[in-house]
Amino acid sequence: MTEATTQEKEDQADYEEMMRDSAEKRAADSKALTEKGAAKADMEAQKQSREEGKMASTKEHMATMKYIASLHAECDWLLQYFDVRKEARTGEIDSIVKAKAVLSGADYSLVQTRAHRFLRGA
């Protein structure tokens, strides 16, 4: 009987120790779960802010690309019509010089500005 009582006391002590260990483990697991939940919430907030930042950056990039495309089109137009514009400017400058000369007293009434080839072609 004493052997059974001793065995029961040892078993009871082992059980109580196991219950203390289990309680400590549950407390540690609960704390770890709380910390991981907080870390997850922080990471989700960072992810959300980065996604918003990325979206804003993407919109800004698209606006910049649209502006660059419009500049490119404008430059293409300027290059395409450069010679025409240069000729027009030269004509305007020549007209201004002649107008200035007329205002200064020059007489261009007898000056032939175009060559007439009416009868020479035959």
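See above for the structure.
Note that the structure is a prediction, hence the values are computed from the model and not measured.

Participant: So what exactly am I meant to see when it comes to the packing of aromatic side chains here?
Facilitator: How two aromatic rings sit relative to each other is set out by the distance from centre to centre and by the angle between their planes. Taken as a whole and judged by the stated rule, the model has 1 aromatic pair. Judged by centre distance (5.3 Å) and plane angle (50°), the rings of W77 and Y81 are tilted. Judged by relative accessible area, Y81 falls into the partly exposed class, the value being 34%.

Participant: Can you walk me through the pattern of salt bridges in this structure?
Facilitator: Side chains carrying opposite charge are able to pair once their charged atoms draw close together. Throughout the structure, instances matching the rule amount to 4 salt bridges. The salt bridge involving K40 is made with E44; its shortest N-O contact spans 4.0 Å. Here E44 and K40 lie together in helix α1 (residues 2-80), a separation of 4 residues that amounts to about one turn. Judged by its relative accessible area of 46%, E44 falls in the partly exposed class. One salt bridge in this structure joins D94 and K98, with 3.5 Å as the shortest N-O distance. In this pair, D94 and K98 are both assigned in helix α2 (residues 82-104), 4 residues apart and thus about one turn of the helix distant. Judged by its relative accessible area of 39%, D94 is partly exposed.

Calculation notes
Numbering of residues starts from 1 in each chain and follows the order in which that chain's sequence is written. Totals for whole chains, interfaces and linings use every residue, but because this is a predicted model, local features are given only for residues with pLDDT of at least 70 and side-chain atom pairs only at 80 or more, for both listing and counting. The basis for every side-chain value is the complete set of heavy atoms in the structure, and neither hydrogens nor water enter the calculation. Here is the rule: rings of Phe, Tyr and Trp (six-membered ring for Trp) pair when centre to centre is within 6.5 Å. Planes less than 30 degrees apart are stacked, more than 60 are edge-to-face, and the remainder are tilted. A simple rule labels every residue: compare its accessible area, found with a 1.4 Å probe on the protein chains alone, to the largest value its type can have, and call it buried under 20%, exposed over 50%, or partly exposed in between. Counted as salt bridges are all cases of a side-chain nitrogen of Lys or Arg within 4 Å of a carboxyl oxygen of Asp or Glu. What counts as a helix is a DSSP run of H or I of at least four residues, what counts as a strand is a run of E of at least two, and both are numbered from the N terminus.

In short, geometric facts, not functional conclusions.
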